[in-house]
Amino acid sequence: MKTRKILPIITLFGLLTACNDDYLERYPLSELAPENYFLTAAELQNYTNAFYEELPDALSIHYNNPRQADDEARNTLAAEIQGTRETPSSGAGWDWAELRQINFFLENSHKCTDEAARLKYEGVARFFRAYFYYEKVVRFGDVPWYDSVLELDDEGLFKARDSRKVIFEKMLEDIDFAIANCQTEKSTTLITKWTALAFKSRMCLFEGTFRKYHGLGDWEAVLNAGAAAAEELMNTGPFSIYKSTTDKAYHELFIAEDAIASEMILARQYDASVPFVHSANFYILSASYGRPGMQKSLVNSYLMKDGSRFTDQANYQTMQFYEEMQNRDPRLSQTIRTPGYKRIGSNSTSVPDFATSVTGYQYSKYILAPAFDAGQSTNDMPIFRYAEVLLNYAEAKAELGTLTQADIDKSIKLIRDRVGMPNLNLQAANANPDPYLLSEYPNVTKSSFTGAILEVRRERRIELVKEGQRYNDLMRWKEGARLSKRFYGQYFPGAGEYDLDKNGTIDLVIYEGTAPSRKPGVQYQKLGELVLENGNKGGRIVNLPDIIKKWDEGKDYLYPIPTQELELNPQLKQNPGWASSGT
């Protein structure tokens, strides 16, 4: 049961019921009469509450494409992954209404004579301006910078795009102001100093590595700033890696009704009583919502429980489900169904359902009891959590070539300790970079720190799976071509009967020709409808075998600017490779 009100995440209700609501009903948020508003701390809080609506929700981040990128196979593909994006006529992320609201607030907040409150909520507003521009830079690269409210006839509306480096310097000014002025009291639903530090570590890691791998220069100082922000939070913040038992702790983070405050820095809160719910159960377990499944390359990336590489085994490519799931990093069995899996509230074991998972690697992360299967899930969803900050720190230091074993001990080790995994050994990783990961990331920096960079990427992919980071990670590493590769699932030697969990009962029959007589509790898949890479000779499940995916290195790392915007403002120039209209 929820123990907190949903505020300010559900801001609409607060805006309609807060004090001074007569002003709010009379004026749109960005058209409030400033002489009558922004006078008290309550009014500053009330206005800035509206900004929280722009934070990501469960659908957009945690269980929908394209954010999952190459981690997830489905029976439908986002245009970004299929390579079929076209230049839109309007919208598509090129919207500025939220920025106008933020700037309107910052132009009027000085009317409040409570200086402490003013600085606090200006910090919140400037956090959201940095967040707004982060989303724009990630999507479009260069964009116009606006830090004042412009009217329809202002010449500033027709300016050219500012460089991403100029924008990023402005973002740093905003986020540093937020760090200095936001509240220090911990909250999983409010912007705090700690949220701002976490975000600074994220935005600097993205921008620094994007500049590095895309040859833009000036990346070292940005990565150093990100590492410093992460380290400040690590040294002075009130957070830790959540622990209970090694076989449950990771999973418990994502099924908690109330975000676990020891690790969750900021979460999207859900509550059936509002109602404000999400559909993670339905998305993952329904046959009509894409049938998502973990992709084979991600399964291969999980280490063995003793810390050795799964892909160093000679026969790893032809291991069947039961064998490949044995003695692996415990996060694997806390992320997907593995042999012995029991649904919450059930005493019986369940194998993967091929009717609802195209790869046979069926997610269990975020999944609640069956009572929530109709789309009424209420577990809170992470936006920033401490584990990501530790990963941001380790990656920034690895890319800079300054990572030490002591750095690993206070970052990666803490994450692995949660599930009882051995620590990462820096010297061993750099002495013998993983050949499998080298083939996965051909553009990785080739240096004495290559092995460490690859291992931190492994850790990041595993720890943050289905948390909305993967697509941006591939973009900043210049590894978008991974999206054009085939996505695969479980390996089967061909048609036959399969006891997936080795409990003595047949769970799956793959057949050719006429369907056999059906037995209760057994799944049936016809070969050809379930496509194996070598047909009746077996192989991995092939996701969408008839679709050819494309990736254009010259244009696909950025999105196109809508044609309507180019027509309205001739100073704007289209991103490289994108036509003014069409493809």
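Worth saying up front: this structure is predicted, and the values here are computed from it rather than measured.

## Quick notes on the overall build of the chain
Consideration 1: What the chain contains, in helices and strands, is 23 helices and 9 strands.
Consideration 2: Relative to its length of 583 residues, the chain is compact, with a C-alpha radius of gyration of 25 Å against a globular reference of 25 Å.
Consideration 3: Its C-alpha atoms give the chain principal-axis dimensions of about 75 × 50 × 50 Å.
Consideration 4: Out of the 583 residues in the chain, the part that is buried amounts to 59%.
Consideration 5: Long-range pairs, those at least 24 residues apart, make up 71% of the contacts in the chain between residues at least 6 apart in sequence.
Consideration 6: Entry remark: accessible area of the chain is about 22500 Å², with carbon and sulfur atoms responsible for 50%.
Consideration 7: Side chains of the chain carry 67 positive and 79 negative charges; the gap between the two charge centres is 5 Å.

## Considerations on the confidence of the model for the chain
Keep in mind that low pLDDT regions are not for reading the predicted coordinates in detail.
Consideration 1: Chain-level statistics for the chain give a pLDDT mean of 93 and a share of 94% at 70 or above.
Consideration 2: Contacts for the low-pLDDT stretch residues 9–27, under 50 throughout, to residues beyond four places or in other chains number 36 contacts.

## What to know about the nonpolar core
Consideration 1: Membership of the largest hydrophobic core comes to 116 residues, with the highest contact counts inside it found for F127 and Y133.
Consideration 2: No other element matches helix α7 (residues 115–140), which puts 14 residues into this core.
Consideration 3: For Y133, the contacting residues outside a window of four places in its chain are W96, L99, V143, P144, W145, Y146, I167 and M171.
Consideration 4: Of all hydrophobic cores here, the second largest spans 47 residues; its members include A256, I260, M294 and L298.

## Thoughts on the packing of aromatic side chains
Consideration 1: For the structure shown, the criterion picks out 39 aromatic pairs.
Consideration 2: Summarising the aromatic geometry, the rings of F51 and F105 are spaced 6.3 Å apart at their centres and angled 90 degrees between planes, so their arrangement reads as edge-to-face. In this pair, F51 is assigned in the loop between α3 (41–49) and α4 (58–61) and F105 in helix α6 (residues 97–108), connecting sequence segments 54 residues apart.
Consideration 3: Taken together, a centroid distance of 5.7 Å and an interplanar angle of 20 degrees make the contact between F206 and F210 stacked. Of the two residues, F206 and F210 are both situated in helix α9 (residues 193–213); the distance of 4 residues between them amounts to about one turn of the helix. Side by side, F206 and F210 carry an identical accessibility label, which is buried.
Consideration 4: Cation over ring: K466 sits above Y363, and NZ or CZ is 4.4 Å from the ring centre.
Consideration 5: The aromatic ring of Y488 is capped on one face by R540, whose charged end is 3.7 Å from the ring centroid.

## Description of the pattern of salt bridges
Consideration 1: Here the structure, examined in full by the defined rule, presents 47 salt bridges.
Consideration 2: With its nearest N and O atoms 2.9 Å apart, the salt bridge here joins K365 to E467. In this pair, K365 is assigned in the loop between α15 (330–333) and β4 (381–385) and E467 in the loop between α21 (450–463) and α22 (470–476), connecting sequence segments 102 residues apart. Each member of the pair K365 and E467 is classed as buried.

## What to know about the packing of helix α8 (residues 164–181) against α9
Consideration 1: Contact geometry for α8 and α9: axes closest at 9 Å, N-to-C directions at 160 degrees. With respect to α9, the axis of α8 lies roughly antiparallel. Handedness of the α8/α9 crossing: left-handed. On α9, the residues that touch R164, K165, F168, M171, L172, I175, D176, A178 and I179 of α8 are K193, A196, L197, F199, K200, M203, C204, F206, E207, F210 and R211.
Consideration 2: Considering only residue class, the contact of α8 with α9 consists of 13 nonpolar, no polar and 7 charged.

## Describing the sheet that holds strand β8 (residues 523–526)
Consideration 1: Sheet architecture is open: 3 strands sit in the order β6-β7-β8, paired in mixed fashion. Of all strands in the sheet, those bounded by a partner on one side alone are β6 (496–498) and β8. Neighbour to neighbour, the strand axes of the sheet diverge by 20 degrees on average, direction disregarded.
Consideration 2: Strand direction decides the pairing type here: β6 and strand β7 (residues 508–511), joined by 3 bridges, are antiparallel. Residue pairing in the sheet places Y498 in a bridge with L508 of β7.

## Focus: unusual backbone geometry
Consideration 1: The backbone phi angle of N327 is positive, close to 60 degrees, even though this residue is not glycine.
Consideration 2: Tracing the chain through its elements places N327 in the loop between α14 (321–324) and α15.
Consideration 3: At K502, a position not held by glycine, the phi torsion is positive, near 55 degrees.
Consideration 4: Along the chain, K502 turns up in the loop between β6 and β7.
Consideration 5: Overall, K502 belongs to the exposed group, its relative accessible area being 54%.

## Focus on α9
The α-helix advances 3.6 residues per turn, and as a result positions three or four apart in sequence lie on the same side.
Consideration 1: Between its terminal C-alpha atoms α9 stretches 30 Å, which fits the 30 Å expected from 21 residues at 1.5 Å a residue.
Consideration 2: Among the 21 residues that make up α9, 21 are buried, leaving the element largely enclosed by the rest of the structure.
Consideration 3: One side-chain oxygen at the N-terminal end of α9 lies 3.1 Å from the backbone nitrogen of W194; it belongs to T192.
Consideration 4: Of the residues flanking the end of α9, it is G215, one or two places downstream, whose phi is positive at about 70 degrees.

## Re the packing of helix α16 (residues 386–400) against α21
Consideration 1: In contact at an axis separation of 9 Å, α16 and α21 are set at 160 degrees when each is read in the N-to-C sense. Classed by the angle they form, the pair α16 and α21 counts as roughly antiparallel. Note on packing geometry: the crossing formed by α16 with α21 is left-handed. Contacts from A387, E388, L391, N392, A394, E395, A398 and E399 in α16 reach I453, V456, R457, E459, R460 and E463 in α21.
Consideration 2: Partitioning the contact of α16 with α21 into residue classes produces 6 nonpolar, 1 polar and 7 charged.

## A look at the side chain of K397
Consideration 1: Its location among the elements puts K397 in helix α16.
Consideration 2: For K397, the contacting residues outside a window of four places in its chain are A227, T402, L403 and D407.

## A short note on the environment of D258
Consideration 1: Counting through the fold element by element, D258 comes out in the loop between α11 (249–255) and β2 (264–268).
Consideration 2: Exposure remark for D258: the relative accessible area of 18% places this residue in the buried category.
Consideration 3: Once the C-alpha coordinates of D258 and D271 are considered, the two residues, 13 residues apart in sequence, prove to be 9.4 Å apart.

## So, α8
Consideration 1: Compared with an ideal rise of 1.5 Å per residue, which puts 18 residues at 26 Å, α8 spans 25 Å between its outermost C-alpha atoms and is within 8% of the ideal.
Consideration 2: In this fold, the buried residues of α8 make contact with α7, α9 and α10 (220–236).

## Focus on the environment of E263
Consideration 1: Note on placement: E263 falls in the loop between α11 and β2.
Consideration 2: You can call E263 buried: its relative accessible area is 0%.
Consideration 3: Along the backbone, E263 and V358 are 95 residues apart, and their C-alpha atoms lie at a distance of 32 Å.
Consideration 4: Other than its neighbours up to four places away in sequence, E263 contacts F239, S240, I241, Y242, L253, R385, Y386, A387 and R418.

Definitions and limits used
Residues numbered from 1 in each chain as written. Predicted model: local features only at pLDDT ≥ 70, side-chain atom pairs only at ≥ 80, totals over all residues. Heavy atoms only, no water. Helix = DSSP H or I, 4+ residues; strand = E, 2+ residues; numbered from the N terminus. Rg over C-alpha atoms; globule rule 2.2 N^0.38 Å. Buried < 20%, exposed > 50% of the residue type's maximum accessible area, 1.4 Å probe, protein only. Contact = heavy atoms within 4.5 Å. Areas by Shrake-Rupley, 256 points an atom, 1.4 Å probe, with all protein chains shown as cover. Lys, Arg positive; Asp, Glu negative; His and termini not counted. Charge placed at Lys NZ, Arg CZ, Asp CG, Glu CD. pLDDT = per-residue confidence, 0-100. Core = buried A, V, L, I, M, F, W, Y, C linked by side-chain atoms within 4.5 Å. Phe/Tyr/Trp six-rings, centres within 6.5 Å; stacked < 30°, edge-to-face > 60°. Lys NZ or Arg CZ within 6 Å of the ring centre and 35° of its normal. Salt bridge = Lys/Arg side-chain N within 4 Å of Asp/Glu carboxyl O. Axes fitted to C-alpha atoms, helices over the stretch in contact; angles between N-to-C directions. Parallel < 35°, antiparallel > 145°, perpendicular 65-115°, else oblique. Left-handed = near helix turned anticlockwise from the far one by under 90°. Nonpolar A, V, L, I, M, F, W, Y, C, P; charged D, E, K, R; others polar. Pairing = 2+ DSSP bridges. Expected span 1.5 Å × (residues − 1). Polar contact = N/O pair within 3.5 Å; in protein donor to acceptor, adjacent residues only side chain to side chain.

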